[in-house]
Amino acid sequence: MKRAASSLLRTLVRSGKRQSSAVSKIVTALFAAPAAAKPKRKRKPAAKVAKAAAPRARALPAAPRRTVPSVAIHVPPSPGKWLASHFSAPPGIGTPGRRMSYWLYLPNNPPEDTQRKGLPLLVMLHGCQQTATQFAQGTRMNQWAEQMGYAVLYPQQLVSTHAQRCWKWYDRATQEGGGDVPIIVGMIDKVMTQYAIDRSRIYIAGISAGAGMANIIALNHPHLFAAVGLHSGPVFGAGHNTIGALGVMQHGAALRADAAAHEVLTRHPQFPGMPAILIQGAGDNVVRPINQMQLARQSQLLNRLSTAPKITQKPQGRGGRHNAHQLHDFYEGRKLLLRVAHIADLEHAWSGGDPALAFNAKAGPDASKMMLEFFSRHQRA
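Computed from a predicted model, the values in this text were never measured in an experiment.

**Some words on helix α12 (residues 367-375)**
Okay, step 1: For α12, the tally of buried residues reaches seven of nine residues, placing the bulk of the element in the interior.
Okay, step 2: Of all the residues in α12, the buried ones are Ala367, Ser368, Met370, Met371, Leu372, Phe374 and Phe375.

What follows is the structure, given as structure tokens:
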């Protein structure tokens, strides 16, 4: 085991010269032990999410020093409500009494039809070395959500679960629907009961470890989510420990890719399909493009797609504002069920994000806009 870990670490260092800082952070994150439990202190009452009138905007809490870049962290101003709260797991959901923080964005002026039907809800899961608020700022998702009338929920992984806030996508029990999965599903249910949410339009997305976790949650609760968005995500159903996770990130899941998809279909005989948008950088040396290829294969199996894709080439934008990229669109009849976006020159970063924060690339295409446009095509019956 030690020899395998050493070999993988050498591979990561050799292959990651252009992004050695990012590689180092991810490797450190995966091998970090959960933070030691601290003595319990008296807590002040948690701020409650408003049910009627909009509360005065709260100042965002400072993120832990070890995860904060050398810039001020804040969410860019948007006219909607930016609310902070938490979910405590009741008996029968995950670890009873476990408390996970979340942030919720509610648009100020949703479209008229949205006001009648309820807001679509997007759940966004951050990557390792990120907080929920950093992820909101880096992706600029709140600004797009305001324009398109979405509520956005940002759960935040606990440092007591993982010192670098990584979601444990590689854990076998999590992949089968345990671990943090019931906590996040319970959090979604709480938000749906407190606000006017359209239950036929719930989506989940993430980057890196957050993408892996988003995929796991969607595949274990396929009737809850209308579509999933995965940016720089590891293939589903493999890994099962930290050394295995590094192997998946570098080399994919080999024969496990197809087997894992078939296992999902066996567990859910009436699996309704799971529309997906997969976004990946060609220059990503942390979660390599082999993962996107295998995720696309899994999605074809899960959505029972057998036709060839429509391929579109997008050239580089003037002045380098947009990287060249290729879209592979898979349809069932006239319905787009799978979009695979492969972006040239993009490393392990959110495409079109805020470059003031780590793991965000200034050059487009804008991944947040792409995801919301894809989600707008889908709803659960």
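**Examining the sheet that holds strand β7 (residues 276-281)**
Each strand in a sheet pairs with another by means of backbone hydrogen bonds, the pair being arranged parallel or else antiparallel.
Okay, step 1: Strand order in the open sheet formed by 10 strands is β1-β2-β4-β3-β5-β6-β7-β10-β9-β8, with mixed pairing between adjacent strands. Unpaired on one side and paired on the other, β1 (81-88) and β8 (310-314) mark the two borders of the sheet. On average, each strand axis in the sheet is tilted by 20° relative to the strand beside it, whichever way the strands run.
Okay, step 2: Packing of helix α4 (residues 132-139) onto the sheet brings it into contact with β1, β2 (99-106), β3 (119-125), β4 (151-155) and β5 (197-207), and relative to β4 it is tilted by some 135°.
Okay, step 3: Strand contacts of helix α7 (residues 181-194): β1, β2, β3, β4 and β5, with the helix running at about 40° to β2, the strand carrying the most contacts.

**Comments concerning the nonpolar core**
The tendency in soluble globular proteins is for nonpolar side chains to be buried side by side.
Okay, step 1: Membership of the largest hydrophobic core comes to 69 residues, with the highest contact counts inside it found for Leu125, Leu153, Ile204 and Ile217.
Okay, step 2: Leaving out residues up to four positions away in the same chain, Ile204 has contacts with Leu122, Val123, Leu125, Ala214, Ile217, Ala218, Phe225, Ala227, Val228, Gly229 and Phe375.
Okay, step 3: The next biggest cluster of nonpolar side chains, apart from the first, holds 36 residues, and it includes Ala145, Tyr203, Leu336 and Phe375.

**Some remarks on helix α8 (residues 209-220)**
Okay, step 1: Taking 1.5 Å as the rise per residue, α8 with 12 residues should run 16 Å; its terminal C-alpha atoms sit 17 Å apart, in good agreement.
Okay, step 2: For α8, the buried fraction is high: 12 of the 12 residues fall into the buried class.
Okay, step 3: For α8, every residue scored as buried is listed here: Ala209, Gly210, Ala211, Gly212, Met213, Ala214, Asn215, Ile216, Ile217, Ala218, Leu219 and Asn220.

**A short note on the environment of Asp284**
Okay, step 1: Checked against the element boundaries, Asp284 lands in the loop between β7 and α11 (290-302).
Okay, step 2: Residue Asp284 is classed as buried on the basis of its relative accessible area, which comes to 1%.
Okay, step 3: When the C-alpha atoms of Asp284 and Ala344 are compared, they prove to be 9.7 Å apart, with 60 residues separating the residues in sequence.
Okay, step 4: At a separation of 3.5 Å, a polar atom in the side chain of Asp284 contacts the side chain of Gln280.

**Focus: the pairing of strand β10 (residues 335-343)**
Okay, step 1: Counted residue by residue, β10 has seven buried out of nine residues, so it is predominantly covered.
Okay, step 2: Where β7 lies against β10, six bridges are found, and the strand directions are parallel. Counted as the bridge partner of Ile279 is Ala341 from β10.
Okay, step 3: In terms of strand pairing, strand β9 (residues 325-332) meets β10 through eight bridges, oriented antiparallel.

**Focus: the pattern of salt bridges**
Okay, step 1: Using the criterion set out here, one finds six salt bridges in the structure.
Okay, step 2: The residue Arg297 makes a salt bridge to Asp258 at a minimum N-O spacing of 3.0 Å. Highlighted residues: Arg297 in helix α11 and Asp258 in helix α10 (residues 256-267), separated in sequence by 39 residues.
Okay, step 3: Judged by its relative accessible area of 38%, Arg297 is partly exposed.

**Looking at the environment of Cys166**
Okay, step 1: Mapping Cys166 onto the fold places it in the loop between β4 and α6 (172-175).
Okay, step 2: Taking the C-alpha atoms as reference points, Cys166 and Gln130, 36 residues apart in sequence, are found 8.4 Å from one another.

**Things to note about the packing of aromatic side chains**
Okay, step 1: Applying the stated criterion across every chain, the model contains six aromatic pairs.
Okay, step 2: Relative to Tyr154, the ring of Trp82 has its centre 5.6 Å away and its plane inclined at 75°; by these criteria the two rings are edge-to-face. Of this pair, Trp82 sits in strand β1 while Tyr154 is found in strand β4, placing the two residues 72 residues apart along the sequence. Both residues of the pair, Trp82 and Tyr154, count as buried.
Okay, step 3: Taking 5.6 Å as the distance between ring centres and 85° as the angle between the ring planes, the aromatic pair formed by Trp169 and Tyr170 counts as edge-to-face. Of the two residues, Trp169 and Tyr170, neither departs from the other in class, the shared state being buried.

**Quick word on the packing of α7 against α8**
Angle between the axes and distance between the axes are the two parameters that describe a pair of packed helices.
Okay, step 1: The interhelical angle for the contact between α7 and α8, taken along N-to-C directions, is 75°, at an axis separation of 10 Å. Here α7 lies roughly perpendicular to α8, going by the angle between them. For the pair formed by α7 and α8, the contact residues are Val181, Ile184 and Val185 on the first element and Met213, Ile216 and Ile217 on the second.

**Some words on the side chain of Asp198**
Okay, step 1: Tracing the backbone shows Asp198 in strand β5.
Okay, step 2: A distance of 2.7 Å separates the side chain of Asp198 from the side chain of Ser200, its partner in a polar contact.
Okay, step 3: Among the polar contacts listed, one links the side chain of Asp198 to the side chain of Arg201, at a separation of 2.8 Å.
Okay, step 4: In this structure, Asp198 is in contact with Lys117, Gly118, Leu119 and Pro120, ignoring residues within four places of it in sequence.

What counts and what doesn't
- Residues numbered from 1 in each chain as written.
- Predicted model: local features only at pLDDT ≥ 70, side-chain atom pairs only at ≥ 80, totals over all residues.
- Heavy atoms only, no water.
- Buried < 20%, exposed > 50% of the residue type's maximum accessible area, 1.4 Å probe, protein only.
- Helix = DSSP H or I, 4+ residues; strand = E, 2+ residues; numbered from the N terminus.
- Pairing = 2+ DSSP bridges.
- Axes fitted to C-alpha atoms, helices over the stretch in contact; angles between N-to-C directions.
- Contact = heavy atoms within 4.5 Å.
- Core = buried A, V, L, I, M, F, W, Y, C linked by side-chain atoms within 4.5 Å.
- Expected span 1.5 Å × (residues − 1).
- Polar contact = N/O pair within 3.5 Å; in protein donor to acceptor, adjacent residues only side chain to side chain.
- Salt bridge = Lys/Arg side-chain N within 4 Å of Asp/Glu carboxyl O.
- Phe/Tyr/Trp six-rings, centres within 6.5 Å; stacked < 30°, edge-to-face > 60°.
- Parallel < 35°, antiparallel > 145°, perpendicular 65-115°, else oblique.

In short, geometric facts, not functional conclusions.
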